[in-house]
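Architecture at a glance
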Amino acid sequence: MQGPGTPTLDQLRVFLTVVEAGSFAAAGRRLNRATSVVSYTIANLEAQLGLPLFDRETTRKPQLTEAGRAVLAEARTVAHGIDALRAKVGGLLGGLEAEVGLVASVLMPGARLIDALTAFQIEFPTVGLRLNVEALGAVQQLVVGGTAEIGITVELWNRASDPLETIAVGEVEMLPVAAPAHPLARAEAAVPGLAREHVQLVIADRSPLTQGQEFGVVATRTWRLSDLSAKHTLLLAGIGWGSMPAHMVEADLAAGRLVELRIPEAKRRRLPLTAIYRTDRPPGPAGRWLIRRFAEQAEREAAARAG
């Protein structure tokens, strides 16, 4: 038994137009074709598939048959795929990237990422995105190594062999916190040196860039964690103390699940957020747009603080 033939893209588009317009005549007007041409195209499509797609006998307007309804979903998928292909190729011909690789610091506020990436998806629907979230030197390492075109980092390790362009994109506020029952949460914890006696939870670097260096570590006993969410969980459980981004613990402070520590060794501080990319591999239009979005966010935040 011979299987169905292969319909043309034009046949499928005419089929979809008839469904959307509601009649062969309306489809003809929309496509600037004679009604007889539209009817002939649909007849050829039905012959190719070996199935009647419209019921032309029981109603004045053509109604989809059961087979027509099944074919409709597939026809829409094919047409959408072709449109997406044409859009992507058009973007590539215009110099648009096929994909943008972004690596963001674990300290980057999630709301800022969501804002930027939601707008990015609307602005560049044909451009793919790869997102990594890393700590400390791992952000710079992925950009230098070519895994990501753009990085958002809070620290930079200047190396002559790694020429990087840097753009300021705001700040992130850090504050030391612990569970309410933790000894450092008491008033007498303000005694200098007391914080060194308690376990400090510290985010570890997955790259070799910071080997032998410490950042904000004051305790003699530390637990090293590779994940900020794990650190947050342990803090809530009362296992140690540590600094966290203010945006991540705002709700916990308000609900009393965590308290801000008043200790001499660790105070509130603001860390600069910096967008980076290799000067010899600058991002394309979509990547540059993404960096501008982060910079505009920072400008709005600075204006809000000033106002």
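Predicted model, so just to flag it, every value in this text is computed and none were measured. (Residues numbered from 1 in each chain as written. Predicted model: local features only at pLDDT ≥ 70, side-chain atom pairs only at ≥ 80, totals over all residues. Heavy atoms only, no water.)

Glancing now at the overall build of the chain. The secondary structure content of the chain amounts to 9 helices and 11 strands. When burial is assessed residue by residue, the chain has 43% of its 307 residues classed as buried. Total accessible area on the chain stands at roughly 16400 Å², and carbon and sulfur atoms take up 54% of it. (Helix = DSSP H or I, 4+ residues; strand = E, 2+ residues; numbered from the N terminus. Buried < 20%, exposed > 50% of the residue type's maximum accessible area, 1.4 Å probe, protein only. Areas by Shrake-Rupley, 256 points an atom, 1.4 Å probe, with all protein chains shown as cover.)

Here the focus is the pattern of salt bridges. Under the criterion given, the structure shown has 11 salt bridges. In this structure, Glu149 engages Arg130 in a salt bridge whose closest nitrogen and oxygen atoms are separated by 3.6 Å. Here Arg130 lies in strand E4 (residues 128–134) and Glu149 lies in the loop between helix H6 (137–144) and strand E5 (150–153), a separation of 19 residues in the sequence. Across the pair Arg270 and Glu171 runs a salt bridge, and its minimum N-O distance is 3.8 Å. (Salt bridge = Lys/Arg side-chain N within 4 Å of Asp/Glu carboxyl O.)

The next subject is the side chain of Lys231. Looking at the secondary structure, you find Lys231 in helix H7 (residues 228–236). Notably, Lys231 is buried but unbridged: the nearest opposite-charge side chain belongs to Asp227, and the N-O separation is 11 Å. Residues contacting Lys231, with those up to four places away along its chain left out, are Leu201, Ile203, Leu225, Gly242, Ser243 and Met244. (Lys, Arg positive; Asp, Glu negative; His and termini not counted. Contact = heavy atoms within 4.5 Å.)

There is a patch of nonpolar side chains on the surface, built from Leu129, Leu131 and Val133 and spanning about 210 Å² of accessible area. Relative to the helices and strands, Leu129 resides in strand E4. (Patch = residues over 30% accessible without salt bridge, like charges linked within 9 Å, V, L, I, M, F, W, Y side chains within 5 Å.)

Considering the arrangement of structural elements, one finds Glu260 in strand E10 (residues 259–260). Sequence separation of Glu260 and Met244 is 16 residues, and the distance between their C-alpha atoms is 9.9 Å. Excluding its chain neighbours within four sequence positions, the residues that come into contact with Glu260 are Leu175, Pro176, Val177, Leu253 and Arg268.

As a packed pair, helix H2 (residues 24–31) and helix H3 (residues 35–49) sit with axes 8 Å apart at the nearest point and diverge in direction by 110 degrees. Considered as vectors, H2 and H3 are oriented roughly perpendicular to each other. Residues Phe24, Ala25, Ala27 and Gly28 of H2 touch H3, and the partners they reach there are Thr35, Val38, Ser39 and Ile42. The class makeup of the residues in the contact of H2 with H3 is 5 nonpolar, 3 polar and no charged. (Axes fitted to C-alpha atoms, helices over the stretch in contact; angles between N-to-C directions. Parallel < 35°, antiparallel > 145°, perpendicular 65-115°, else oblique. Nonpolar A, V, L, I, M, F, W, Y, C, P; charged D, E, K, R; others polar.)

Residue alternation in strand E7 (residues 200–203) divides its side chains into two sets, Gln200 and Val202 and Leu201 and Ile203, and both sets are buried. The pairing of E7 with strand E8 (residues 222–225) spans 4 bridges and is parallel. Note on E8: the bridge partner recorded for Ile203 is Leu225. (Pairing = 2+ DSSP bridges.)

Between helix H1 (residues 9–21) and H2, whose axes approach to 8 Å, the crossing angle comes to 115 degrees. Like other packed secondary-structure pairs, H1 and H2 cross with a definite hand, here right-handed. In contact with Val14, Thr17, Val18, Glu20 and Ala21 of H1, H2 contributes Phe24, Ala26, Ala27, Arg30 and Leu31. (Left-handed = near helix turned anticlockwise from the far one by under 90°.)

A few words now on the packing of aromatic side chains. Within the structure shown, the criterion is met by 5 aromatic pairs. Judged by centre distance (6.3 Å) and plane angle (55 degrees), the rings of Phe120 and Trp289 are tilted. Taken together, the residues span a long stretch of sequence, with Phe120 in helix H5 (residues 110–123) and Trp289 in helix H9 (residues 285–306) at a distance of 169 residues. Judged by its relative accessible area of 3%, Phe120 falls in the buried class. On the basis of relative accessible area, Trp289 is assigned to the buried category, the value being 15%. Ring geometry for Phe124 against Trp289: centres 5.7 Å apart, planes inclined by 80 degrees, an arrangement best described as edge-to-face. With Phe124 in the loop between H5 and E4 and Trp289 in helix H9, this pair connects stretches of sequence that are 165 residues apart. Across the pair, exposure class does not vary: Phe124 and Trp289 are buried alike. (Phe/Tyr/Trp six-rings, centres within 6.5 Å; stacked < 30°, edge-to-face > 60°.)

A separate point is the environment of Ala73. Topologically, Ala73 is positioned in helix H4 (residues 66–93). Among the residues examined, Ala73 registers a relative accessible area of 42% and is labelled partly exposed. Put simply, Ala73 and Leu16 are 57 residues apart on the chain and 9.8 Å apart in space, counted from C-alpha to C-alpha.

Our focus in this paragraph is the nonpolar core. The biggest cluster of nonpolar side chains holds 45 residues, and the ones touching the most others in it are Leu102, Leu107, Phe120, Ile152, Leu290 and Phe294. With 6 residues, H9 is the single largest residue contributor to this core. Ignoring any residue separated from it by four or fewer positions in sequence, one finds Leu107 in contact with Val154, Val172, Met174, Leu228, Pro245, His247 and Leu271. Counting 17 residues, the second largest nonpolar core, distinct from the first, contains Phe24, Leu49, Leu72 and Ala75. (Core = buried A, V, L, I, M, F, W, Y, C linked by side-chain atoms within 4.5 Å.)

Function-wise, these values are silent; they only describe arrangement.
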